[in-house]
Amino acid sequence: MKIKLESFREKITYLLFFGCLFCASMYMFESYSGVVSCILLLTLSVLIYLFNIKPLAKSQILNCLIILSFIMFSMVVNRSFASIDIRTVVIVISSYLVIQSLSYENFLKKYTDCIMVIALFSIAAYFLYKVAPGAFGAFPRQLWRNHSVLFVNLWLSVVPVGMQDYFRNFGIFYEPGIFQFYLNIALLIELFSNKKINVFRVLVLTVAVITTLSTNGYISIVLVFFAYGLFVILGSGNRDKIYRKIGFLALLSVIAIIFVFLIDKGIIGSRVFMKFSSTKTSGSYYDRTNAISYALSKIFQNPLLGVAARGIEDSYNATFTPLNWMMLYGIVIEGYALVGYSKMFSRLTSNRWLKIFIVAAAFSTILTQDLSFEWIVWCFIFCGIKNGVSKYNEKSELY
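About the criteria used
- Residues numbered from 1 in each chain as written.
- Predicted model: local features only at pLDDT ≥ 70, side-chain atom pairs only at ≥ 80, totals over all residues.
- Heavy atoms only, no water.
- Core = buried A, V, L, I, M, F, W, Y, C linked by side-chain atoms within 4.5 Å.
- Buried < 20%, exposed > 50% of the residue type's maximum accessible area, 1.4 Å probe, protein only.
- Helix = DSSP H or I, 4+ residues; strand = E, 2+ residues; numbered from the N terminus.
- Contact = heavy atoms within 4.5 Å.
- Salt bridge = Lys/Arg side-chain N within 4 Å of Asp/Glu carboxyl O.

Caption draft 1: Quick look at the nonpolar core. Formed by 126 residues in total, the largest nonpolar core has its most connected members in F107, Y341, W375 and I376. A total of 14 residues in this core trace back to one element, the largest contributor, which is helix α6 (residues 104-131). Discounting chain neighbours no more than four positions away, the residues touching W375 are F17, C20, L21, A24, L41, I91, S94, S95 and V98.

Below you can see the structure in the form of structure tokens.
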């Protein structure tokens, strides 16, 4: 009976966790009603805690209260009570409750499993539209992103049917650049948190990253595989086995890249890397680099408490996550975020030098989109702040 109850609780927790991820991140869901999204997110996170009740450490409660206090103090000082500010408070509370309810390993497993579901569904939708676009004719079409994109909402995937030759995999998110973050982090965890690497899962996540056509996604996945190559080399004395592992993963990546490249008929080369040829006043590359100077200019206005949501006149320029924490709510929030996010991923290995590459790969995924108060990002931050050491320090194997 106890085993059945444990199994039931685990299944319910999975559903609740996926619900949190979905209502916190699915752009269409939020656009219908941000209030409903916040209420659901808070409700689901409370249910996760109730299903997995664990004593709350005083230090963790104190950390959460400090973070919430500085966010709210910033809101009061800046007279900013926008929906984004309220949502930020909800996200911090929700992510705190979820991370206090789950162990490090359990949290990683739930995250990667949920992203795998979204990745598989989105890949199927992506290639189905490539092969048979008429199959989507029966679905209602809607305008999205300030009426700039025509899309079909399949809930587990957003299919942008109006992008012609620049067709990209959005997953369930507002931008393919956000989807690549979720995918690359899942890939990083998949490679470093398991003694045996599931090749199928690695391949699915890799193909999904490639179909986003995200420049930052491509750069990040290279860093992820580079870090894994070092991980394998440093973790085994059998050089032949090392080379086979690296060669096999490299082969899978090359096959996936060639396959998608042929499907896209050169779109990857012309669309993904042409962004580096942006002009000095416009273009994707210009916008991303300009985000750094924009964030710094806001930080200098109030480095202690930030400018809150009210102080951001041009959210399109606020895309550099590592500085956005300080820009919005000040240096204390920045400190917590940087330390927590770094520790979350550094725990994947015990090797001091390898920690640097893993953390660098994790940070590279958040450099071109504003993910500063994305629910899962704060789950990562609280997971890093939370006490405990991962058992995942051993070398990986393929199967």
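Caption draft 2: Representation of the pattern of salt bridges within the structure. Evaluation of the coordinates by the stated rule reveals five salt bridges. When the shortest N-O distance is used, the salt bridge between E10 and K110 registers 2.6 Å. Separated by 100 residues along the polypeptide, E10 in helix α1 (residues 2-25) and K110 in helix α6 bring together distant segments of the chain. Under the relative-accessibility criterion, E10 is labelled partly exposed at 29%. Two residues, D113 and R201, come together in a salt bridge whose shortest N-O distance is 2.8 Å. In this pair, D113 sits in helix α6 while R201 sits in helix α8 (residues 199-211), placing the two residues 88 residues apart along the sequence. Using a relative accessible area of 15% as the deciding quantity, one classes D113 as buried. Judged by its relative accessible area of 16%, R201 is buried. Residues participating in the shared-partner salt-bridge network are K109, D113, E190 and R201.

In short, the description is geometric, and any link to function would need to be established separately.
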